[in-house]
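Structural features, examined
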Amino acid sequence: MPGFLGTVASGGNRFVLRISLVAAIGGFLFGYDTGVISGALLYIAPQLHAGTLAQSWIVGGLLLGAVVGACLAGYLADAISRKWTKFAAGVVYTLAAVGSAFAQSTGELIIARTVLGLAVGTASFVAPMYIAEQTPPRIRGGTVSFNQLMITSGILLAYVADFALKGVAGNWRWMLGLGAVPGVALVIGMLLVPHTPRWLMQRDRGAEARAVLTRSRPAGQVDGELDEIRSVLRTEGRRRLRDVFGSGARAALVVGLGLAVFQQLVGVNTVIYFSPTILTYTGLHANSAVTEALTVGITNVVFTVIAILLLDRVGRRVLLLIGTVGLSVALVLLGLFFALPDLRQHAPWLALVALLVFIASFAIGLGPVFWLMISEVFPLSLRSRAMAVCTAANWIANFLVSYFFLQLIGAAGRPATFWIYAGLGVLAVVFFAVRVPETKDRSLEQIEHDIGAHPRLSRAA
Ligand code: BGC
């Protein structure tokens with residue numbers, strides 16, 4: 001039985017599956033902590049007397065913390081290992097979740113959420129990186145995307161928690177504090193998983209690298225893979241941060257940064273954070289809008305599962321291109337819906353359909369493919385720093401788009417706002433078609449070799 005499920009069901013891959021799921025708990029926290037705040041804010045604002053500025057910082061503090069966390073993790077993942085960096089993120093997650101739950105003032109809450117952001121930024125890329133370095137090429141697309149599945153499940157659970165705790169006293173403290181549970185799970189889980197063979201080889205710990213590979217690869221493949229890693233390490237030598245921007249890694253960096261920025265510029269987080277608001281623009285009552293927004297969260301999870309099943313079969317590029325075309329069409333529809341009163345009157349369901357098409361298209365393409373490809377395209381000696389740069393760019397773009405969304409709606413109007421996003425979606429399709437390579441079925445070392453040999457990147461599988 002070919003494909004992700006068939007390959008995973010066999011022997012050593014179950015070990016890879018287990019450690020990938022543990023590493024992906026970081027993704028769950030990323031999703032939960034970014035998703036929970038919109039609901040919690042409704043109760044925090046009156047209780048802690050938070051004005052508009054304080055509210056923006058309660059939301060934005062996490063995003064800015066994530067930028068700093070990503071940069072720090074770029075060093076830590078090499079210096080103390082991927083495994084211990086994720087362990088540290090788990091500790092910070094747990095402490096900051098408890099800190100947020102007990103905050104007595106907006107100042108304390110902003111500090112706790114910013115510290116939480118450090119962990120979110122760290123885990124957001126060290127999780128996919130850890131999984132990519134552990135996994136055999138044939139199932140790497142699926143296992144790395146467990147992380148995206150956990151992100152989307154975290155967002156969904158955050159919606160559910162916000163919904164379920166509606167009438168409970170002190171509810172926002174529970175909403176924020178509950179994040180400590182997966183935080184503890186991550187801490188314990190990371191104690192139980194091994195280092196990645198790539199990091200061990202970088203540290204000259206070949207015997208340990210062999211032991212890890214032996215658990216996840218057929219006996220005949222271990223030596224070949226170790227030789228490949230050894231050979232890229234020999235040709236690469238030691239590199240510095242400025243080498244990330246040098247000519248050797250430029251093609252890969254353009255791909256990584258393009259994916260990072262376009263992932264946010266198409267407006268995904270305005271849909272994630274503001275879908276209830278967007279739905280109230282259609283005339284829906286706030287309560288039904290929240291319920292309908294839940295269907296957006298569920299669709300996001302379901303289509304991420306579909307992506308996991310397809311990424312190693314049809315490849316990254318096809319899903320990326322189809323997904324980005326699909327979300328651009330959905331954005332054009334959403335703009336038309338707000339531009340044409342007749343349409344609103346005769347087809348009031350169209351807004352929800354457009355939002356669902358948008359999120360489904362994002363979930364099969366740009367959502368998982370960005371995190372997957374930045375784990376694949378960079379040379380080993382630059383991987384952690386280059387991934388940190390792309391991740392920081394992603395969080396900065398996330399912050400700017402979320403921050404300016406309501407202002408953009410105010411200045412340009414609803415139809416134009418969605419058409420601007422659609423235009424950016426079209427640009428993204430062109431960029432992906434021209435620049436993004438296919439990485440399916442190739443080892444990280446082969447990808448590195450191909451990119452080195454063809455600096456503009458081969459698009460062939
Ligand atoms: C993005 C997040 C987004 C999430 C939605 C992730 O890949 O990086 O910004 O909120 O997908 O599913």
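Anyway, here's the lowdown on the structure attached to this text. (Residues numbered from 1 in each chain as written. Predicted model: local features only at pLDDT ≥ 70, side-chain atom pairs only at ≥ 80, totals over all residues. Heavy atoms only, no water.)

With that out of the way, let us pick up the overall build of the protein chain. In terms of helices and strands, the protein chain carries 24 helices and zero strands. Radius of gyration (C-alpha) of the protein chain: 22 Å, near the 23 Å computed for a compact globule of 461 residues. Principal axes of the C-alpha set define a box for the protein chain whose edges measure 65 × 45 × 45 Å. Contacts in the protein chain between residues at least 24 apart in sequence constitute 82% of all its contacts with a sequence separation of at least 6. Accessible area for the protein chain stands at about 17600 Å²; split by element, carbon and sulfur atoms hold 69% of it. Taking the average location of the 35 positive side-chain charges in the protein chain and that of its 22 negative ones, the two points are 1 Å from each other. (Helix = DSSP H or I, 4+ residues; strand = E, 2+ residues; numbered from the N terminus. Rg over C-alpha atoms; globule rule 2.2 N^0.38 Å. Contact = heavy atoms within 4.5 Å. Areas by Shrake-Rupley, 256 points an atom, 1.4 Å probe, with all protein chains shown as cover. Lys, Arg positive; Asp, Glu negative; His and termini not counted. Charge placed at Lys NZ, Arg CZ, Asp CG, Glu CD.)

Taken together, 14 residues are adjacent to the ligand, and Gln 148, Gln 263, Gln 264, Asn 269 and Trp 371 come closest. Between the ligand and Gln 264 there is a distance of 2.9 Å, counted from an oxygen atom to a side-chain nitrogen or oxygen. At 3.0 Å from an oxygen atom of the ligand is found a side-chain nitrogen or oxygen belonging to Asn 300. Against a free-state accessible area of 310 Å², the protein chains account for coverage of 99% of the ligand. Examining the composition of the shell around the ligand, we find that three residues originate from one element, helix 9 (residues 146-164), more than from any other. Grouping the amino acids of the shell around the ligand by side-chain chemistry returns five nonpolar, nine polar and no charged. (Near = heavy atom within 4 Å. Polar contact = N/O pair within 3.5 Å; in protein donor to acceptor, adjacent residues only side chain to side chain. Nonpolar A, V, L, I, M, F, W, Y, C, P; charged D, E, K, R; others polar.)

Counting 131 residues, the largest nonpolar core has Ile 44, Tyr 93, Phe 378 and Phe 432 as its most contacted members. When neighbours within four sequence positions are excluded, Phe 378 is seen to be in contact with Ala 252, Leu 253, Gly 256, Arg 383, Ala 386, Met 387 and Cys 390. Core analysis: the next-biggest nonpolar cluster, separate from the first, contains ten residues, Met 201, Ala 209, Leu 226 and Ile 229 among them. (Core = buried A, V, L, I, M, F, W, Y, C linked by side-chain atoms within 4.5 Å. Buried < 20%, exposed > 50% of the residue type's maximum accessible area, 1.4 Å probe, protein only.)

It is worth spelling out the environment of Tyr 273 at this point. Position of Tyr 273 relative to the elements: it lies in helix 16 (residues 268-281). Residues Tyr 273 and Ile 37, spaced 236 residues apart in sequence, show a C-alpha to C-alpha distance of 8.9 Å.

The next point concerns helix 2 (residues 13-23). Burial analysis of helix 2 places eight of its eleven residues in the buried class, which makes it a mostly covered element. Every buried residue of helix 2 is accounted for by Asn 13, Phe 15, Val 16, Leu 17, Ile 19, Ser 20, Val 22 and Ala 23.

Bringing the packing of aromatic side chains into the picture now. Centre distance and the angle of the planes are the two values used to describe a pair of aromatic rings. Per the stated rule, a full pass over the model turns up 15 aromatic pairs. Taking 6.0 Å as the distance between ring centres and 80° as the angle between the ring planes, the aromatic pair formed by Phe 30 and Trp 371 counts as edge-to-face. With Phe 30 in helix 3 (residues 25-35) and Trp 371 in helix 21 (residues 366-376), this pair connects stretches of sequence that are 341 residues apart. Overall, Phe 30 belongs to the buried group, its relative accessible area being 8%. The buried category is assigned to Trp 371, whose relative accessible area is 3%. (Phe/Tyr/Trp six-rings, centres within 6.5 Å; stacked < 30°, edge-to-face > 60°.)

With respect to the element layout, Tyr 75 can be found in helix 5 (residues 52-79). On a C-alpha basis, the gap between Tyr 75 and Arg 215 in space is 28 Å, while along the polypeptide they are 140 residues apart. With residues near it in sequence (within four places) discarded, Tyr 75 still touches Leu 241 and Arg 385.

A complete count under the given rule lists 15 salt bridges for this structure. Here Arg 316 makes a salt bridge to Glu 376, at a shortest N to O gap of 2.6 Å. Within this pair, whereas Arg 316 is found in helix 18 (residues 316-339), its partner Glu 376 is found in helix 21, the two being separated by 60 residues in sequence. As far as the burial class goes, Arg 316 and Glu 376 line up, both buried. The partner of Asp 441 in a salt bridge is Lys 440, and the shortest N-O contact between them spans 3.8 Å. (Salt bridge = Lys/Arg side-chain N within 4 Å of Asp/Glu carboxyl O.)

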